[in-house]
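Structural overview for review
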Amino acid sequence: MTLDLRFYLSLILRRLPIIAAIIFTATTAGILYAVSLPPVFRAEARLLIENAQIPDELAASTVRSTADEILLAIRQRIMTRDNLLAIADRHDLFAGATKMTAEQKLVDMVSRVSIYMPNTQGNTGVVTVSFGASEPELSASVTNEIAEQIVQWSTELRTGASASTLDFFEQEVERLTEELGQQNARILEFEQANRDALPESLEFRRTRQAAQQERLLQLDRDLASLRDRRQRLTELYDRTGRVVTTADARTPEEERLERARQELASALVVLSPTNPRVRALQNEVTALEEAVKEQRDAIGGGRLTPFQVQMLDIDGQIQFLAEQKAQIEQEVKDLERSIQATPGNSIKLAELRSNYETLRVQYEQAVASLSEARMGNRIEATDRGQRITMIEKAVPPAFRAEPNRKRISIAAFGAGVILSGALLFLLEVMNQTIRRPSELAKVIGAPAFGTVGVIEGPRPHRPAFSGNLALLAVFLINIPILMLVVHIYIKPINTLFGQATQGPDPSEVAAPAASGKTE
């Protein structure tokens with residue numbers, strides 16, 4: 001089946017007045033709707049995101065948030081309910097809308113504010129801020145306030161983050177310092193409580209234990225020898241009634257006394273009685289005489305027999321060695337207990353020292369981080385890190401931003417074309433008359449041998465140019481309506497294409513509008 005372009009073109013030409021009327025009516029309606037919308041002026045301010053002025057290799061800021069994260073946080077704070085309503089109250093944006101609720105005002109403010117955050121290159125980019133208002137000056141004023149809030153919030157967020165980081169590490173260093181002191185005190189207390197069972201002295205104590213055990217064996221041998229000697233002397237004395245000796249047995253004090261007297265006599269031969277040497281010998285003799293007297297008084301005032309002297313000497317040695325043995329045995333027991341307790345103390349001390357070492361490493365890291373936090377806080381306090389600055393303030397716009405009347409008019413024209421095409425298609429579908437040979441062949445089920453064109457006869461009397469008159473009527477009706485609406489909603493007429501009017505000037509009231517610039 002081939003497409004009969006000539007036939008369809010004839011249909012379009014035949015119904016051209018209807019098509020033109022529909023398109024013109026739709027376009028007129030679109031224009032009327034566009035001019036009925038109130039003008040919205042949107043001033044724009046531009047903010048620049050700057051990189052840090054100091055390279056990170058030299059001194060890095062402690063604020064690691066990207067530009068997109070900072071801008072997103074700022075946007076959320078600016079778009080809060082309280083902030084937007086406060087801006088609206090300061091600029092009397094809803095002075096004439098007394099019946100609007102707070103929720104309606106909030107929705108309207110959210111729709112007016114625009115903060116455009118393009119994709120940043122690295123950490124640098126330009127942020128565009130705008131606000132829609134019915135007056136250019138009002139739009140510029142609100143836009144500048146929002147831009148200043150962005151700059152202020154950027155500074156507060158970065159300085160607040162750096163100050164919070166600095167405060168955290170100061171507290172961390174203080175906490176670790178206190179814990180280090182406490183852990184050191186625990187180690188010292190444990191070492192003082194177990195100073196005799198520490199792992200550092202284990203080798204010394206083992207050596208000492210071996211030496212003392214050897215000493216015990218020697219003492220046992222000496223005691224056994226003395227006891228054997230005492231027993232033999234006792235048996236000899238019991239059998240004979242005396243002990244074998246070459247001279248009278250005397251005590252050591254008596255022998256020393258005899259020698260001191262001999263020395264004193266020899267000294268008096270050559271020295272005077274006042275000589276210091278003579279006086280010292282006299283004092284020694286006197287002291288020994290007192291000692292000998294006390295010994296004799298202890299045994300009844302008589303002299304000791306040789307057997308008694310030897311027994312006393314042997315008993316004294318046995319008692320002395322027994323005392324030494326008891327002391328050494330106690331020391332050996334203490335050494336054994338300390339050696340057995342050393343492994344447990346070693347584990348506990350290693351645990352305490354490990355905790356101390358862990359705290360020390362954390363403390364050193366915290367001190368290093370505190371130094372970086374102080375430098376980062378200094379960088380943010382002096383505004384040397386990443387920052388947002390205003391490079392262009394908003395000025396009252398000369399032309400409106402909304403509505404885009406050209407786009408609305410074009411859309412209305414397109415809608416008219418679509419409607420007219422849909423009408424033509426509907427008429428064509430509903431028309432069942434035979435108008436082409438192909439339609440006739442389709443109806444009779446056989447090809448036609450030939451076709452005869454329309455033989456014109458006398459036409460019924462119809463008003464000439466009826467289609468043109470209908471089209472002219474549509475234009476005559478729509479054009480005055482269009483001009484009336486433009487005159488009502490926009491004044492003066494020369495502002496139809498979007499040029500903002502200035503304040504009325506008496507000298508220019510009668511001057512015709514010369515500007516026709518559109519968006």
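Residues numbered from 1 in each chain as written. Predicted model: local features only at pLDDT ≥ 70, side-chain atom pairs only at ≥ 80, totals over all residues. Heavy atoms only, no water.

Check the secondary structure of the chain and you find 13 helices and four strands. Taken across its 519 residues, the chain has 28% of its residues classed as buried. Taking all contacts inside the chain whose residues are at least 6 apart in sequence as the whole, residues at least 24 apart take part in 81%. (Helix = DSSP H or I, 4+ residues; strand = E, 2+ residues; numbered from the N terminus. Buried < 20%, exposed > 50% of the residue type's maximum accessible area, 1.4 Å probe, protein only. Contact = heavy atoms within 4.5 Å.)

A word on unusual backbone geometry. For Asp 92, which is not glycine, the phi torsion reads 50° and is therefore positive. Within the fold, Asp 92 resides in the loop between helix H4 (81-90) and helix H5 (102-112).

To continue, consider the pattern of salt bridges. Opposite charge on two side chains makes pairing possible when the charged atoms of those side chains draw close. Tallied over the full model, the rule gives 18 salt bridges. Put simply, Glu 50 and Arg 387 hold a salt bridge, and the shortest N to O gap is 3.0 Å. On the criterion of sequence distance, the pair formed by Glu 50 in strand S1 (residues 41-50) and Arg 387 in strand S4 (residues 387-392) is long-range, its members being 337 residues apart. For Glu 50, a relative accessible area of 22% translates into the label partly exposed. Judged by its relative accessible area of 22%, Arg 387 is partly exposed. Put simply, Arg 175 and Glu 172 hold a salt bridge, and the shortest N to O gap is 2.3 Å. Of this pair, Arg 175 and Glu 172 both sit in helix H6 (residues 136-193), separated by three residues, roughly a single helical turn. (Salt bridge = Lys/Arg side-chain N within 4 Å of Asp/Glu carboxyl O.)

What follows concerns the nonpolar core. Ranked by size, the top nonpolar core spans 32 residues in total, and within it Leu 93, Met 109, Phe 131, Ile 146 and Ile 150 carry the most contacts. Elements supplying a minimum of two residues to this core: S1, helix H3 (67-78), H4, H5, strand S2 (113-116), strand S3 (125-133) and H6. Per-element accounting of this core gives the leading share, seven residues, to H6. Apart from residues no more than four positions distant in its own chain, Ile 150 is found in contact with Leu 47, Ile 74, Ile 78, Ile 115, Val 129 and Ile 388. Counting twelve residues, the second-largest nonpolar core is a separate cluster that includes Leu 216, Leu 223, Leu 233 and Met 311. (Core = buried A, V, L, I, M, F, W, Y, C linked by side-chain atoms within 4.5 Å.)

Right, let's talk about the sheet that holds S1 for a bit. The four strands are arranged S2-S3-S1-S4 in an open sheet whose pairing can be described as antiparallel. If you trace the sheet from one side to the other, it starts and ends with S2 and S4, each paired once. Each strand of the sheet is rotated relative to its neighbour by a mean of 25°, with strand direction disregarded. In this sheet, S4 lies alongside S1 in antiparallel orientation, the contact comprising five bridges. Bridged to Leu 48 within S4 is Thr 389. (Pairing = 2+ DSSP bridges. Axes fitted to C-alpha atoms, helices over the stretch in contact; angles between N-to-C directions.)

With that settled, consider the pairing of S3. Judged by how many residues are buried, S3 sits mostly within the fold: eight of nine residues are covered. Both S2 and S3 contribute to a ladder of four bridges, which runs antiparallel. Bridge assignment links Tyr 116 to a residue of S3, and that residue is Thr 128.

A cluster of acidic residues, Asp 167, Glu 170, Glu 174 and Glu 178, forms a negative patch at the surface. In this fold, Asp 167 is placed in helix H6. (Patch = residues over 30% accessible without salt bridge, like charges linked within 9 Å, V, L, I, M, F, W, Y side chains within 5 Å. Areas by Shrake-Rupley, 256 points an atom, 1.4 Å probe, with all protein chains shown as cover. Lys, Arg positive; Asp, Glu negative; His and termini not counted. Charge placed at Lys NZ, Arg CZ, Asp CG, Glu CD.)

Moving on, we come to the environment of Pro 396. Along the polypeptide, Pro 396 turns up in the loop between S4 and helix H11 (405-430). Considered as a pair, Pro 396 and Glu 137 are 259 residues apart in the sequence and their alpha carbons are 4.9 Å apart. Look past the residues within four positions of Pro 396 in its chain and what remains in contact with it is Pro 136, Glu 137 and Ala 140.

Among the surface-exposed residues, Phe 425, Leu 426, Val 429 and Met 430 lie close enough to one another that they form a single nonpolar patch of about 440 Å² accessible area. Position of Val 429 relative to the elements: it lies in helix H11. Judged by relative accessible area, which is 45%, Val 429 ranks as partly exposed.

This brings us to the pairing of S1. As defined by bridge partners, S1 adjoins S3 across nine bridges and the pair is classed as antiparallel. Looking at S3, one finds that Leu 47 is bridged to Val 127.

Put simply, the chain has an average pLDDT of 78, and 76% of its residues get 70 or more. Ranking the elements of the chain by mean pLDDT puts helix H13 (residues 466-489) last, at 57, and H4 first, at 91. Across residues 496-519, where pLDDT falls below 50, the model places 36 contacts with residues more than four positions away in sequence or in other chains. (pLDDT = per-residue confidence, 0-100.)

On to the side chain of Asn 144. Along the chain, Asn 144 falls in helix H6. Relative accessible area serves as the criterion here: at 16%, Asn 144 is assigned to the buried category. Among the polar contacts made by the side chain of Asn 144, one reaches the main-chain amide nitrogen of Ala 394 at a distance of 2.7 Å. If we skip the residues at most four places from it in the chain, Asn 144 touches Ala 45, Met 390, Lys 393 and Ala 394. (Polar contact = N/O pair within 3.5 Å; in protein donor to acceptor, adjacent residues only side chain to side chain.)

Another point: the packing of aromatic side chains. Applying the stated criterion to the full structure yields one aromatic pair. Here the aromatic rings of Phe 168 and Phe 169 are separated by 5.2 Å at their centres, their planes lie at 75°, and the arrangement is edge-to-face. Classification of Phe 168 as partly exposed rests on a relative accessible area of 46%. (Phe/Tyr/Trp six-rings, centres within 6.5 Å; stacked < 30°, edge-to-face > 60°.)

A few words now on the side chain of Ser 130. Structurally, Ser 130 is set in strand S3. For Ser 130, the side chain forms a polar contact with the side chain of Arg 42, separated by 3.3 Å. Apart from residues no more than four positions distant in its own chain, Ser 130 is found in contact with Arg 42, Ala 43, Glu 44, Arg 112, Val 113, Ser 114 and Thr 143.

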